[in-house]
Amino acid sequence: MTVRPFSSLAFAGSLLFAGSAEAADINSPVTPIVEQVETGTGWTFAVAPYFWGAGLSGEIGSFGLPAAQIDADFSDVLNNLDFAAMAMAEARRDRFSIFGDLMYTKISVGSATPKGVLATGVDVTTQTFAGLVGAGYTIVNTPSGRLDLSLGVRVWSVDTVLTFQGGVLNGVSRSDGATWADALIGLRGEYGITPEIFLTGWGFVGAGGADLDWDVAGAVGYKFNEAFSAVAGYRALGVDYSKGGFDFDVVQQGPILGVRWQF
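Cut-off values and rules
Residues numbered from 1 in each chain as written. Predicted model: local features only at pLDDT ≥ 70, side-chain atom pairs only at ≥ 80, totals over all residues. Heavy atoms only, no water. Helix = DSSP H or I, 4+ residues; strand = E, 2+ residues; numbered from the N terminus. Buried < 20%, exposed > 50% of the residue type's maximum accessible area, 1.4 Å probe, protein only. Contact = heavy atoms within 4.5 Å. Areas by Shrake-Rupley, 256 points an atom, 1.4 Å probe, with all protein chains shown as cover. Pairing = 2+ DSSP bridges. Salt bridge = Lys/Arg side-chain N within 4 Å of Asp/Glu carboxyl O. Polar contact = N/O pair within 3.5 Å; in protein donor to acceptor, adjacent residues only side chain to side chain. Core = buried A, V, L, I, M, F, W, Y, C linked by side-chain atoms within 4.5 Å. pLDDT = per-residue confidence, 0-100. Patch = residues over 30% accessible without salt bridge, like charges linked within 9 Å, V, L, I, M, F, W, Y side chains within 5 Å. Phe/Tyr/Trp six-rings, centres within 6.5 Å; stacked < 30°, edge-to-face > 60°. Lys NZ or Arg CZ within 6 Å of the ring centre and 35° of its normal.

Caption draft 1: Geometry of the overall build of the chain. Summing up its helical and strand segments, the chain has zero helices and 14 strands in all. The helix and strand sequence of the chain, counted from the amino end, reads β-β-β-β-β-β-β-β-β-β-β-β-β-β. In the chain, which comprises 263 residues, the proportion classed as buried is 46%. Here the analysis covers contacts within the chain between residues at least 6 apart in sequence; of these, 64% occur between residues at least 24 apart. Surface accessibility of the chain: about 11400 Å² in total, with carbon and sulfur atoms responsible for 63%.

Below, the structure written as structure tokens:
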């Protein structure tokens, strides 16, 4: 059975790291952060919550029941978001970096089914946690920016409840979930166009528990002063997991917005 909800959401968003605080140094990291602390060991630390207004599309199935097809526009995302929390952090020293990205969302969507035979409608509630931990090494370092080769592991934990309305499956409700890990490889970087304007982004791909796990983003930022920058861009993340009658084959994509406070 295929179900197409009117809307859905996943609020998230990202915005990487930060480094040297010299105003005229274009080589300083240009991605937005909320806090930066430099220690006597030479390490730089950054942490940043972020917002990601993403639509959700794909298929979610549990206990071998017919998969529910999700197709939600970002314009209606606020009507379906129950809760969302996201944050990114990084520690950097010279060419080496350690980073993390955490996302949690709870989304509730519902709609009539196209044919209405097995059911006339379905309600889908999904709680998703995705945590990425990785390390990187700068392979390109110029006065204008840098490019890091990065390796990481993303842990997923997904819980889904499907409740069918009408038809043969009227009143049937099933919950299912899975937890798995995927190994990822990719690139992260930033490039200063001017001392104020910069580009930043990343791309990851991998697999493990899932058949495919990928994440790409690109953004442009503006540095207002030593303490404040703003970033706007676009992010898309997809995962294809299927095991034991549980299917989670979805893509989340949408605009990202963020700011950086540095001190």
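Caption draft 2: Focus on unusual backbone geometry. The backbone of Asp-94 shows a phi angle near 55°, a positive value even though the residue is not glycine. In this structure, Asp-94 sits in the loop between strand 6 (81-93) and strand 7 (96-112). By relative accessible area, which is 67% here, Asp-94 ends up exposed.

Caption draft 3: Region of interest: the pairing of strand 14 (residues 246-261). Pairing between strand 4 (residues 51-61) and strand 14: nine bridges, direction antiparallel. What sits directly across from Phe-51, in strand 14, is Leu-257. Both strand 13 (residues 228-243) and strand 14 contribute to a ladder of 16 bridges, which runs antiparallel. Considered in strand 14, the bridge of Ser-229 is made with Arg-260. Connecting strand 13 to the next strand, strand 14, in antiparallel fashion are two residues, including Gly-244 with a positive phi near 60°.

Caption draft 4: Layout of the pattern of salt bridges. On inspection of all chains with the given rule, the structure shows ten salt bridges. For Glu-90, the salt bridge is made with Arg-92, and the minimal N-O distance between the two is 3.3 Å. Classification of Glu-90 by relative accessible area gives buried; the value is 5%. For Arg-188, the salt bridge goes to Glu-90, with nearest N and O atoms at 2.9 Å.

Caption draft 5: Broad picture of the side chain of Glu-90. On the secondary structure map, Glu-90 appears in strand 6. Of note is the side chain of Glu-90, whose polar atom sits 3.3 Å from the side chain of Arg-92.

Caption draft 6: How the structure looks around the nonpolar core. If you look at the biggest cluster of nonpolar residues, it comprises 32 residues, and the most contacted ones within it are Met-103, Trp-156, Trp-180, Val-239 and Phe-248. Discounting chain neighbours no more than four positions away, the residues touching Trp-156 are Thr-128, Phe-129, Ala-130, Ala-178, Thr-179, Trp-180, Asp-182, Asp-213, Leu-237, Val-239 and Phe-248. With six residues, the next largest nonpolar core counts Leu-132, Leu-184, Trp-202 and Ala-217 among its residues.

Caption draft 7: Local environment of the confidence of the model for the chain. In the predicted model, the chain carries a mean pLDDT of 77, and 70% of its residues have values of at least 70. Least confident of the elements in the chain is strand 1 (residues 10-11), whose mean pLDDT is 34; most confident is strand 11 (residues 197-208), at 96. Considering only residues more than four positions removed or in separate chains, one finds that residues 1-38, a stretch of pLDDT under 50, has 191 contacts.

Caption draft 8: The arrangement of a nonpolar patch on the surface in detail. A cluster of nonpolar residues, Phe-96, Tyr-137, Ile-139, Val-140, Leu-149, Leu-151, Ile-185, Leu-187, Val-205 and Leu-212, forms a patch on the protein surface that exposes about 860 Å² of accessible area. Contributions of two or more residues to the nonpolar patch are made by strand 8 (121-142), strand 9 (145-165) and strand 10 (173-192). For the nonpolar patch, the leading source of residues is strand 8, giving three residues. When you line up the elements, Ile-185 lands in strand 10. A residue is classified by how much of its surface remains accessible, and Ile-185, at 43% relative accessible area, is partly exposed.

Caption draft 9: Spotlight on the packing of aromatic side chains. Counting across every chain of the model gives eight aromatic pairs. Ring plane angle 55° and centroid distance 6.3 Å describe the contact between Tyr-241 and Phe-246, whose orientation is recorded as tilted. We note that Tyr-241, like Phe-246, is buried. Site record: aromatic cluster; members linked through ring pairs are Trp-156, Trp-180, Tyr-241, Phe-246 and Phe-248. Taking NZ or CZ as reference, Arg-188 lies 3.9 Å from the ring centre of Phe-99, over its face. If you follow Arg-235 out to its NZ or CZ, it ends over the ring of Trp-52, 5.0 Å from the centre.

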